[in-house]
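Observations on the model geometry
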Amino acid sequence: MSKKNCNFGLRKCYPNREMKNFWRKIVLISGLALALSASSLHARTSWESVRTERVTEAKSVLRTTELEVKASRGQIFVTTTRPVQVKVFSILGQLVSQENIPAGTSRLALGAHGIYIVKIGDLTCKVAL
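Reference entry: report on the structure contained in this document. (Residues numbered from 1 in each chain as written. Predicted model: local features only at pLDDT ≥ 70, side-chain atom pairs only at ≥ 80, totals over all residues. Heavy atoms only, no water.)

**What to know about the sheet that holds strand β6 (residues 75-80)**
Keep this limit in mind: For two strands to pair, DSSP has to find at least two bridges joining them. Numbering of helices and strands runs from the N terminus, with a helix taken as a DSSP run of H or I at least four residues long and a strand as a DSSP run of E at least two residues long. The axes used here are C-alpha line fits, helices contributing only the stretch in contact, and every angle between their N-to-C directions lies in the interval 0 to 180 degrees.
Read across the sheet, five strands follow the order β3-β9-β6-β5-β4 without closing on themselves; strand pairing throughout is antiparallel. The open sheet is flanked by β3 (47-49) and β4 (59-63), the only strands paired with a single partner. Going from strand to strand, the sheet's axes swing by 25 degrees on average, the running direction of each strand aside. Examined bridge by bridge, β6 and strand β9 (residues 104-109) share six bridges and lie antiparallel to one another. Along β9, the bridge assignment pairs Phe77 with Arg107.

**Remarks on the nonpolar core**
Side chains of nonpolar character tend, in soluble globular proteins, to be buried together. To be explicit about the condition: What makes a nonpolar core is a set of buried Ala, Val, Leu, Ile, Met, Phe, Trp, Tyr and Cys residues whose side-chain atoms join them at distances within 4.5 Å. The buried label applies to any residue whose accessible area, calculated with a 1.4 Å probe on protein chains only, is under 20% of its type's maximum; exposed applies above 50%, and partly exposed to all values in between. Should any heavy atoms of two residues lie within 4.5 Å, those residues are considered in contact.
If you look at the biggest cluster of nonpolar residues, it comprises 19 residues, and the most contacted ones within it are Trp47, Val69, Ile76, Val86, Val88, Val118 and Ile120. When residues of this core are traced back to their parent elements, those giving at least two are β5 (67-72), β6, β7 (84-90), β8 (95-101), β10 (115-120) and β11 (123-128). Beyond its immediate chain neighbours, meaning those up to four positions away, Ile120 contacts Leu67, Val69, Val78, Val84, Gln85 and Val86.

**Quick look at a nonpolar patch on the surface**
So the rule is basically this: A patch consists of residues exposed above 30% relative accessible area that lack any salt bridge, with like charges linked at up to 9 Å and nonpolar side chains (Val, Leu, Ile, Met, Phe, Trp, Tyr) linked at up to 5 Å. Here the accessible surface of atoms and residues is derived via Shrake-Rupley with a 1.4 Å probe, and residues count as covered only by protein chains that are part of the display. Put simply, a salt bridge is a Lys or Arg side-chain nitrogen that is within 4 Å of an Asp or Glu carboxyl oxygen.
On the surface, Ile91, Leu92 and Ile115 cluster together into a nonpolar patch covering about 330 Å² of accessible area. Relative to the elements of secondary structure, Ile115 occurs in strand β10.

**Points about the sheet that holds β11**
Taken together, the four strands give an open sheet; going across it, the order is β8-β7-β10-β11, and neighbouring strands pair in antiparallel fashion. A single partner strand is all that each edge strand has here, and the edge strands are β8 and β11. Here the strands of the sheet are splayed against their neighbours by 20 degrees on average, with no regard to which way each runs. The pairing of β7 with β10 spans five bridges and is antiparallel. Its bridge partner being in β10, Lys87 is matched across the sheet by Lys119.

Interpretation in functional terms is not warranted from these geometric data alone.
Pasting the structure below:
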């Protein structure tokens, strides 16, 4: 594609402006799609208390004497004997959730499937949803 001088000083322009505008629109739409997919991770990231009967089908990921982390169908369950701070990160290192949860069983429902890093105190585990 050859460039020609326009009447705008040193600025060069393309003879096919429609093609240039097309690529601008593609870049803009791609950026918006990426921003929306990243915001869907943060759509609903609050912990809620649940009954332990609802956690029976979840797969155990980490178990100690004081806490247990389970995963099932886009949800992370944490059962603990004392209040703890829980941080959940995406595999890219983005903080998805940071919250203090009470003793008992709490659930975090994540909209996106993937691999997450769960950090509870000085314990860290990988959870695949």
